[in-house]
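The chain contents come next:
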Amino acid sequence: MKIEQLYTGCLAQGAYYIESEGEVAIIDPLREIQQYIDKAKANNSKIKYILETHFHADFVSGHVDLAKKTGATIVFGPGATTEYDIHSAKDGEELKIGNVTIKVLHTPGHTLESATYLLRDEYGKDHAIFSGDTLFLGDVGRPDLAIKSDLTKEDLAEMLFDSLRNKIMPLADDVIVYPAHGAGSACGKNLSKETVGILGEQKKTNYALRADMTKAEFVKEVLDGIAPPPQYFAKNAMMNKMGYDAFDTVLKTGDVALNPKEFEAMANHEAALVLDVRPQSDYIKGHIPNSVFIGLNGGFAPWVGALIKDIKQPIVLVVPEGKSKEAVTRLSRVGYDNTLGYLEGGIEAWQNAGKDIETLDSISAEEFAQRAKADDINILDVRKDGEYQSSHLETAQHLSLDFINEKMNEVSKDKTYYVHCAGGYRSVIAASILKARGFDKLIDVAGGFGAIKNTDLKTTDFVCPSTL
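About the cut-offs
Residues numbered from 1 in each chain as written. Predicted model: local features only at pLDDT ≥ 70, side-chain atom pairs only at ≥ 80, totals over all residues. Heavy atoms only, no water. Pairing = 2+ DSSP bridges. Helix = DSSP H or I, 4+ residues; strand = E, 2+ residues; numbered from the N terminus. Axes fitted to C-alpha atoms, helices over the stretch in contact; angles between N-to-C directions. Contact = heavy atoms within 4.5 Å. Buried < 20%, exposed > 50% of the residue type's maximum accessible area, 1.4 Å probe, protein only. Expected span 1.5 Å × (residues − 1).

## Regarding the sheet that holds strand β22 (residues 442–445)
One open sheet accounts for five strands, arranged β18-β22-β21-β19-β20; its pairing is parallel. The open sheet has two free edges, formed respectively by β18 (361–363) and β20 (396–398), since each of these has just one partner strand. In this sheet, neighbouring strand axes are inclined to one another by 35° on average, regardless of whether the strands run parallel or antiparallel. Direction of pairing for strand β21 (residues 417–420) relative to β22: parallel, over a ladder of three bridges. Following the sheet pairing, Val-419 is matched in β22 by Asp-444. Strands β19 (378–381), β21 and β22 of the sheet are contacted by helix α15 (residues 425–436), whose axis makes an angle of about 170° with β22.

## A closer look at the sheet that holds strand β12 (residues 197–198)
An order of β7-β8-β9-β10-β11-β12 is seen for the six strands of this open sheet, with the pairing classed as mixed. The strands lining the two open edges of the sheet, one partner per strand, are β7 (94–97) and β12.

## Concerning the pairing of strand β9 (residues 115–120)
Each regular strand carries side chains that alternate between the two faces of the sheet. Taken across its six residues, β9 has six buried, putting it largely inside the fold. Every second residue of β9 is oriented toward a common face, with Ala-115, Tyr-117 and Leu-119 on one face and Thr-116, Leu-118 and Arg-120 on the other, all of them buried. Alignment of strand β8 (residues 100–106) against β9, held across six bridges, turns out to be antiparallel. Bridging from a neighbouring strand, His-106 pairs with Ala-115 of β9.

## Looking at α15
Across its 12 residues, α15 extends 17 Å between first and last C-alpha, which sits within 8% of the 16 Å expected from 1.5 Å per residue. In terms of burial, α15 is a largely internal element, 11 of the 12 residues being buried. Restricting attention to buried positions, one finds in α15 the residues Tyr-425, Arg-426, Ser-427, Val-428, Ile-429, Ala-430, Ala-431, Ser-432, Ile-433, Leu-434 and Lys-435. Taken from the residues just after α15, Gly-438 is the one with a positive phi, measuring 100°.

## A short note on unusual backbone geometry
Despite not being glycine, Glu-21 shows a phi value in the positive range, around 50°. Of note, Glu-21 is situated in the loop between β2 (13–20) and β3 (23–27). With relative accessibility at 65%, the residue Glu-21 sits in the exposed group. Positive phi is not limited to glycine here, since Ala-271 has a value of about 55°. The topology assignment puts Ala-271 in the loop between α8 (260–269) and β14 (273–276).

This is how it looks when you write it as structure tokens:
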């Protein structure tokens, strides 16, 4: 048999390709599915099953498109209902591909239909689990995404405790763990940077698998410190449940070159958001007025999902040369399918057409430190809560980028703010959003807190984030 993890760093997401004797199962595929079709074709194999570990909330899976193009059967765990054809598997049901077996383990808790897929080799030995968002390396899935009127996050946490103890922990220590996500995903709070592990090691080191842990302790610990889910999670989960437009259609309508006149008309008459996805250094030097920066070189798709509230928002793109297809693709991964085109020729073409541009003031950490010591300045720290609590400038105001749209009333358009994050990516996102809302007295601190720490400005004593 052949097992391949197809990991996407921007989403911190792992899809899986399993092959045996010319038959293939794909687990949790991405929206752009041609890669799986090509891989199977190159190996003279046929995709038989598309296994979904649950209704994903943090990305739009490619299962619907892949089934239409290959005739493969979509499999979900028990109780799943959709607007398209699926096989809702029974707990303990066994599926065959070639001479290996995949056993469906119903593991509710993260969601009600969550399933872990246990792979047994040709000799019947338990080889690996594809644990979805039930078990991560170092953590478990958050149990607050499937809350209903008669079901609380505490109820789901109790289900998760039982699923882990009854279905996963009894498996042998040498079973390989292939989770759906690694560090950087908002589906858990303490995920490891590793993307493949061994179950025995997780039993020893994962706080949620502690052998002497009571159910009450588990519920308390797994719920403690969970940040509210990003606003797009529920929308992506619904798309995965109800279906969506074909990716080929989204790409065809979105990857369209627009001259400056057409681009401006889209922004003005179609109320399209101008989304600048170039490196932040390019945005700082010159950008279209009222455009929002979220760069492809950072955590692009999750930040789009967290900050652009309307998933149907029309979008026009300012992209680095040759990156339009990538931008449209990565937007579609989180359900933003209404891209109308990109600016052909980029900012240079915009300027050559006589259109206005703006810049963002940006200074070094050393210059920032000099100004901070010489005057009483307003400092805006846009890092996450845990980062800020761990250590921050004593005089800094905290406004987490995650909640900037909701908490914008906490800053004043009359004041000048020096904005920083950890390294310089998120501060430019924050500044672009504030600029688009009329805040025009903003100065970015290049290098962020990482550079600020090397100056002699006073910060609070460091507290290890894992203890918060």
